[in-house]
Amino acid sequence: MTKEIIERYNINKNLAQMLKRGVIMDVTTAQEAKIAEEAGAVAVMALERVPSDIRREGGVARMSDPKIIKEIQKAVSIPVMAKVRIGHITEALVLEALGIDYIDESEVLTPADDMYHLNKFDYKVPFVCGARNIGEALRRIGEGASMIRTKGEAGTGNIVEAVRHMRTMMSEIRKLTNMPKEELMTFAKENGAPYDLVLYVAENGRLPVVNFAAGGIATPADAALMMRLGSEGIFVGSGIFKSSNPELMAKAIVKATAFYNDPKVLAEVSEGLGNAMKGIELKDIPIEERLASRGW
Amino acid sequence: MNKKLKIGVLSFQGSVEEHIKILNSFDDIEPIEVKTLKSLNESDGIILPGGESTTISKLLKIFNLEEPLKKRIENGMPVWGTCAGLILLAKNIEKESPHLGVMDIFVKRNAYGTQINSFVINSNIDEISKEKIPLVFIRAPWIERIEKDVKKLLKIDNHIVAARQKNMLATSFHPELTKNNEFHKYFINMVKESKGNINANILEVLEI
């Protein structure tokens, strides 16, 4: 890899570091983006439909219309992210041309490639990718992701999958830090993870990039729970604009993320928020319709 | 007495751990996270880290820390703002009302553009170090103008990116993201000097 690519990759990891302890919110219009910024979001994810609508309406979910993205970029001064389909090289090039700040190569959209993810080192713009475990996280980082998030189960308002993914990753990281070196190659083999990145995790006790939580966060307490489990920040998808009072919910989740370890603050901010989004029990979603299983 | 100097890092959001890790590498410094009035009051100096200035500013207001922090700075507590922190300090911001509004600088946010325009360079800053140090600019602001009380520390391509006004230090870039700790050394010295001055003042008062 050239010096330029490594330097660019580091700068892209650095932007994710600036977002730590913050909340990234899904928005579909310039007006929603302004509400998110006003509530204290550290970034917005520009989308045509939030995950719960994608789930309900079905069909193929693609990159958003550049017009919507541009309107959102104009409306706010915080970073703007947007999603591309897994493996969709040209959607990523389009977003890069729009000067987007971060691309989410996301399982929430319908995958364009059922074998390969993007080689993210080919782009100047940074990428975040979803993961359920350390092997998946390190594969994505090996391809050039400069930020990781749990997959959770997007659009459900149900935190259980995000908890499972974060607990799995943190537990694997803790195991790696205690493993004698001769066991690491077998760990790499069994988890499908690049060996050099397994070594990094074993030595440093953390992923080489920032790790956020996503997929099912619907209340301030959900956000605080994910922070407590080791998440470095929060993505909220449908949880804000599918609640009965988005402004209040957005502000409360921002406060809860910053003060996740202060139960008094959490109690205060959780009060009188109206209805959180209506959730879905996981057993009601057939296995083949689960978004988290997309990605290879 | 070997009491450690306490340097606070405003810890609502952003590059908090990065600053704390570097501060921890100095034997005579105890870094503390500042989210409450109590921890602010314990701090001998404070770092406003990189992050999103709008987010940090809102949390400062909501958790009633804006006014006390502003007062401490106006009363001479050393403060260093990196990137978002610089924006918080500025008295004037293009197209935006000021946040703490304590430093006589006029700032342009996201001056270099979006993330694609973020960059790293190595540069000399006489006041800080004899050798070149790496400077990381992430969606960075620059300083368009300074008032006469403010000392320019570094200019890149005709834009000021580091400045000092008495007890206030501001940088567009992020020394906390590098392995070079010269800027932290410089700020720690600012805190030591201010402690020295306060002690000297107390002695003078006692003598009278």
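### So, the interface of chain A and chain B
Moving on, step 1. Contact with chain A, which involves 33 residues of that partner, is made by 33 residues of chain B.
Moving on, step 2. Sorting the residues of chain A by area buried against chain B places A:M18, A:R21 and A:F259 first, and these three jointly supply 27% of that buried surface.
Moving on, step 3. Our count for the chain A to chain B interface comes out at six salt bridges.
Moving on, step 4. Of the charged contacts in the structure, one is a salt bridge between A:E38 and B:K58, with a shortest N-O distance of 3.5 Å.
Moving on, step 5. Taken together, chain A and chain B are joined by 25 residue pairs in polar contact (both at pLDDT 80 or more).
Moving on, step 6. Among the elements of the structure, α1 (3-18), α2 (30-39) and α12 (246-258) of chain A are those that each provide at least two residues to the side of chain A that touches chain B.
Moving on, step 7. Of the residues forming the side of chain A that touches chain B, the biggest block, eight residues, is contributed by α1(A).
Moving on, step 8. Considered class by class, the residues forming the side of chain A that touches chain B number 15 nonpolar, eight polar and 10 charged.

### A word on the packing of α2(A) against helix α4 (residues 66-75) of chain A
Residue and element names in this part refer to chain A.
Moving on, step 1. With their axes 8 Å apart at the nearest point, α2 and α4 run at an angle of 35° to one another. In the packing of α2 onto α4, the handedness of the crossing is right-handed. The segment α2 lies against α4, with A30, A33, K34 and E37 engaging E71, I72 and A75.
Moving on, step 2. Considering only residue class, the contact of α2 with α4 consists of four nonpolar, no polar and three charged.

### What about the sheet that holds strand β8 (residues 234-236) of chain A?
Residue and element names in this part refer to chain A.
Moving on, step 1. Read across the open sheet, the eight strands follow the order β7-β6-β5-β4-β3-β2-β1-β8; overall the sheet is parallel. Looking along the sheet, the strands with just one partner apiece sit at the ends: β7 (210-212) and β8. Going from strand to strand, the sheet's axes swing by 30° on average, the running direction of each strand aside.
Moving on, step 2. Of the strand pairs in this sheet, strand β1 (residues 23-27) and β8 are connected by three bridges, and their pairing is parallel. When the sheet's bridge partners are listed, V23 is paired in β8 with I234.
Moving on, step 3. Running at roughly 90° to strand β4 (residues 102-106), α1 makes contact with β4, β6 (147-150) and β7 of the sheet.
Moving on, step 4. This element, helix α6 (residues 134-142), spans β5 (127-131) and β6 of the sheet and lies at about 160° to β5.

### Quick look at the pairing of strand β7 (residues 119-125) of chain B
Residue and element names in this part refer to chain B.
Moving on, step 1. Relative to strand β8 (residues 129-137), β7 runs antiparallel, the two being bridged by six bridges. By the bridge assignment for β8, V120 is matched with V136.
Moving on, step 2. Connecting β7 to the next strand, β8, in antiparallel fashion are three residues.

### Observations regarding the packing of aromatic side chains
Moving on, step 1. Taken as a whole and assessed by the stated rule, the structure comprises 14 aromatic pairs over all chains.
Moving on, step 2. Both rings, one in B:Y112 and one in B:W142, keep their centres 5.0 Å apart while their planes meet at 90°; by these two values the pair is edge-to-face. Remark: B:W142 occurs in strand β9 (residues 142-146) and B:Y112 occurs in the loop between β6 (103-108) and β7; sequence separation between them is 30 residues. As far as the burial class goes, B:Y112 and B:W142 line up, both buried.
Moving on, step 3. Pairwise contacts between aromatic rings join B:W80, B:Y112, B:F119, B:F137, B:W142, B:F173, B:F183 and B:F187 into one cluster.
Moving on, step 4. Above the plane of the ring of A:F259 lies B:K35, whose end atom (NZ or CZ) is 5.0 Å from the centre.
Moving on, step 5. It is B:R145 that lies over the ring of B:F106; its NZ or CZ is 4.2 Å from the centre.

About the criteria used
- Residues numbered from 1 in each chain as written.
- Chains lettered and ligands numbered in written order.
- Predicted model: local features only at pLDDT ≥ 70, side-chain atom pairs only at ≥ 80, totals over all residues.
- Heavy atoms only, no water.
- Contact = heavy atoms within 4.5 Å.
- Buried area = accessible area lost by both parts, 1.4 Å probe.
- Salt bridge = Lys/Arg side-chain N within 4 Å of Asp/Glu carboxyl O.
- Polar contact = N/O pair within 3.5 Å; in protein donor to acceptor, adjacent residues only side chain to side chain.
- Helix = DSSP H or I, 4+ residues; strand = E, 2+ residues; numbered from the N terminus.
- Nonpolar A, V, L, I, M, F, W, Y, C, P; charged D, E, K, R; others polar.
- Axes fitted to C-alpha atoms, helices over the stretch in contact; angles between N-to-C directions.
- Left-handed = near helix turned anticlockwise from the far one by under 90°.
- Pairing = 2+ DSSP bridges.
- Phe/Tyr/Trp six-rings, centres within 6.5 Å; stacked < 30°, edge-to-face > 60°.
- Buried < 20%, exposed > 50% of the residue type's maximum accessible area, 1.4 Å probe, protein only.
- Lys NZ or Arg CZ within 6 Å of the ring centre and 35° of its normal.

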